[in-house]
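Here are the chains, one letter per residue:
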Amino acid sequence: MSSSVIDFIATEARFGARNYEPIGVVLSRGEGVWVWDTQGNRYLDCLSAYSAVSQGHCHPKILAAMVEQAHRLTLTSRAFHNDQLALFYEEIAALTGSHKVLPMNSGAEAVESAIKSVRKWGYEVKGVKDGQAEIIVCANNFHGRTLGVVGFSTDPETRGHFGPFAPGFKIIPFGDAAALAEAINPNTVAFLVEPIQGEAGVVIPPAGYFTEVRELCTANNVMLVLDEIQTGLGRTGKLLAEQHEGIEADVTLLGKALSGGFYPVSAVLSNNDVLGTLRPGQHGSTFGGNPLACAVARAAMRVLVEEGMIENAARQGERFLSGLKDIRANTIREVRGRGLMLAVELHPEAGRARRYCEALQAKGILAKDTHEHTIRIAPPLVITSDQVDWALERFAAILTQDFS
Ligand SMILES: *Cc1c(COP(=O)(O)O)cnc(C)c1O
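Remember, predicted model here, so these are calculated numbers, not experimental data.

Undergrad: I would appreciate a short explanation of helix 6 (residues 107-126) in the present structure.
TA: Helical geometry note: an α-helix holds 3.6 residues per turn, so side chains three or four residues apart project in the same direction. Relative to the 28 Å expected for 20 residues at 1.5 Å per residue, helix 6 spans 26 Å between its end C-alpha atoms, a close match to the ideal helical length. Count one or two residues on from helix 6 and you reach G127, which has phi positive near 90 degrees.

Structure below.
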């Protein structure tokens, strides 16, 4: 096989832009929570492609839907109707209780589309003077990598030397409702926020934060845009993370697990007339809403519900979290999480999280460091109790070592 003659890692490094620094493992196969490298070593996937593979690798029903659709029709563009889009709309609206849907591809595109839509809503419905719309976002946000989006990032790595950036964004601290109250003015059209900040290291806001946020947005006619691209579709143990606070966003963004990892599919969902301001020719995407994407997403949503993955995420998330909290190791500063969106923050003196992830790899677990000292843990939502316990044994073994 070519795997023995091609050095995949060196070849990637030679030809590829070096915008990633992957852990040194070359994967060639996946099934459920497991992935295998080119040598046949098996690993428990504790990243799930940043929560895109929530349904487990190569889920047979999503695979079947994809293959079946690929034989029939893959792309029409939105210049014509196709027989999958309406069914996708109907099913995602029923699942999430939304009224309108805008299908896109990547998560960042969904974010961009939401920004365009709430600005348009601001001018045409709220009555903001043209060019004056403001959107409030949070420090340490992650909403993707497009220019519009990195322009309001606060991470120097993410935005450095990519400017100039678009104006119209105001940054406030995450989890601070008083800061939101202070930042809102008559030109504010939206507050764009993650229910739990994933890339920032699984940062969970104080209880009651989103109840206050919801009230402030309603009182000031500001659209609450929840970026649930990572937290949505069962990851936190509920269909949407907003349900933990009993609130409803005006605009919800989904991506990642919307296709179970088979294909880039994202969506902007709205409960009001935000998406209604878009008229023919004003926004679009060649691939957005294509029949292959729709068929894959329909199957991905169906298995999530039919196979009880959301309830399983809640149950196994609790088991994983309490198991991590039981590990007695002075390398650990804090363990936090909701559902199967978990993180172990190390003491700065314990050394870089990357070293722990490499040690975990040697024990058959793939996890990803984020922000120097945090190990992020997000296995597929199909993980079993035995597999959680298997992982916990290995986390305990690694976290009690000192890599400083
Ligand atoms: C991953 C992610 C995005 C961007 O999605 P892409 O598909 O990588 O463009 C946006 N927001 C959040 C919260 C994410 O986790």
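Undergrad: Which parts of the structure should I look at to understand the sheet that holds strand 1 (residues 27-31)?
TA: Sheets are built from strands paired through backbone hydrogen bonds, the pairs being either parallel or antiparallel. Taken in spatial order, the four strands make up an open sheet running 1-2-3-13, and their pairing is mixed. Of all the strands in the sheet, just strand 1 and strand 13 (365-366) have a single pairing partner and so form its edges. In this structure, strand 3 (residues 42-45) lies alongside strand 13, joined through two bridges in parallel fashion. Looking at strand 13, one finds that D45 is bridged to L366.

Undergrad: Even after reading the chapter, I still don't get the site of the ligand, so can you show me in this structure?
TA: The ligand sits among S106, G107, A108, F142, H143, G144, E194, D227, I229, Q230 and K256. A108 has a polar backbone atom sitting 2.8 Å from an oxygen atom of the ligand. Contact distances for the ligand include 3.4 Å between a nitrogen atom and a backbone N or O atom of F142. Class assignment for the residues of the shell around the ligand results in three nonpolar, five polar and three charged.

Undergrad: What should I look at first to understand empty space enclosed by the protein in this one?
TA: Left-over empty space is what a probe sized like a water molecule reveals as it rolls over the atoms. Per the counting criterion, the structure on display carries two cavities of 30 Å³ or more. Volume-wise, the largest cavity comes out at about 80 Å³. Lining the largest cavity are P195, I196, P205, F210, L226, A241, E242, H244, E245 and R338. In the lining of the largest cavity, the residues fall into six nonpolar, one polar and three charged. In this structure, the second largest cavity encloses a volume near 40 Å³. Around the second largest cavity, the lining residues are F88, P103, M104, N105, V265, F287, G288, G289, A293, C294 and A297. When contributions to the lining of the second largest cavity are tallied by element, the ones reaching two or more residues are strand 4 (100-104) and helix 11 (291-306). Of the residues forming the lining of the second largest cavity, the biggest block, three residues, is contributed by helix 11. Tallied by class, residues from the lining of the second largest cavity come to eight nonpolar, three polar and no charged.

Undergrad: Looking at this structure, how should I read the sheet that holds strand 6 (residues 169-172)?
TA: One open sheet accounts for seven strands, arranged 4-10-9-8-7-5-6; its pairing is mixed. Each edge of the open sheet carries a strand with a single partner, namely strand 4 and strand 6. Geometrically, the sheet is characterised by an average inter-axis angle of 20 degrees between neighbouring strands, direction not taken into account. Direction of pairing for strand 7 (residues 188-193) relative to strand 8 (residues 223-227): parallel, over a ladder of four bridges. Across the sheet, F191 pairs through a bridge with L224, a residue of strand 8. Running over the sheet, helix 6 touches strand 4, strand 5 (134-138), strand 6, strand 7, strand 8, strand 9 (251-254) and strand 10 (266-270) and is turned about 160 degrees from strand 7.

Undergrad: Is there a simple way to think about the layout of surface pockets in this case?
TA: The computed volume of the second largest pocket comes to approximately 560 Å³. Taken together, 23 residues line the second largest pocket, and the ones lying closest to its centre are R78, Y89, L102, P103 and H283. Of all elements in the fold, only helix 5 (85-96) and strand 4 reach the threshold of two or more residues within the lining of the second largest pocket. The biggest single contributor to the lining of the second largest pocket is strand 4, with five residues. Of the residues contributing to the lining of the second largest pocket, the split by class is twelve nonpolar, eight polar and three charged.

Undergrad: Can you walk me through the nonpolar core in this structure?
TA: Within soluble globular proteins, side chains that are nonpolar generally end up buried alongside one another. Core analysis: the largest hydrophobic core is formed by 71 residues, its most contacted members being L258, F320, I375, F395 and L399. In terms of residue count, the dominant contributor to this core is helix 11 (ten residues). For L258, the residues in contact, after removing those within four places along its chain, are F88, I92, L233, V265, S266, A267, A297, A300 and M301. In terms of nonpolar packing, the next biggest core, distinct from the first, is built from 27 residues, I115, F169, V225 and V251 among them.

Undergrad: Just to check I follow, could you spell out the pattern of salt bridges for this structure?
TA: One side chain can pair with another of opposite charge once the charged atoms of both are near each other. Scanning the entire structure with this criterion turns up 17 salt bridges. As a salt-bridge pair, K170 and E134 come within 3.4 Å of each other at their nearest N and O atoms. Residue K170 is located in strand 6, and its partner E134 is located in strand 5; the two are separated by 36 residues in the primary sequence. A single salt-bridge network, built from bridges that share partners, covers R333, E334, R336 and E345.

Thresholds, definitions, all that
- Residue indices begin from 1 for each chain and proceed along its sequence in written order.
- Only residues with pLDDT of at least 70 get local features here, since the model is predicted, and only at 80 or more are side-chain atom pairs given and counted; chain-wide, interface and lining totals rely on the full set of residues.
- To get the side-chain values, take all heavy atoms of the structure and skip hydrogens and water.
- Counting from the N terminus, the helices are DSSP H or I runs at least four residues long and the strands are E runs at least two residues long.
- To estimate how far a helix should extend, the number of its residues minus one is multiplied by 1.5 Å.
- Two strands pair if DSSP finds at least two bridges between them.
- One heavy atom within 4 Å of a molecule or strand makes the whole residue count as near it.
- The definition of a polar contact used here is a pair of N or O atoms within 3.5 Å, where within protein one atom must be able to donate a hydrogen and the other to accept one, and adjacent residues in sequence count solely through side-chain atom pairs.
- By the convention adopted, Pro, Cys, Tyr, Trp, Phe, Met, Ile, Leu, Val and Ala count as nonpolar, Lys, Arg, Asp and Glu as charged, and the other residues, Gly among them, as polar.
- Detection works on a 1 Å grid of protein atoms alone, calling trapped sets that fit a 1.4 Å probe cavities and calling open sets with protein on both sides within 12 Å along at least five of seven lines pockets, with lining residues defined by an atom within 4 Å of a point.
- Grid points are joined across faces, edges and corners, and a volume is the space filled by probe spheres set on the points.
- Axis definition: a line fit to C-alpha positions, over the contact stretch in the case of helices; interaxial angles, taken between N-to-C directions, run 0 to 180 degrees.
- Two residues qualify as a contact provided that any one of their heavy atoms is within 4.5 Å of a heavy atom in the partner residue.
- Joining through side-chain atoms within 4.5 Å is the link that ties buried Ala, Val, Leu, Ile, Met, Phe, Trp, Tyr and Cys residues into a set, and such a set is a nonpolar core.
- Accessible area is worked out with a 1.4 Å probe on protein chains only. A residue is then buried under 20% of its type maximum, exposed over 50%, and partly exposed in between.
- The working definition used for a salt bridge is a side-chain nitrogen of Lys or Arg within 4 Å of a carboxyl oxygen of Asp or Glu.

By themselves, these observations are geometric and do not establish any function.
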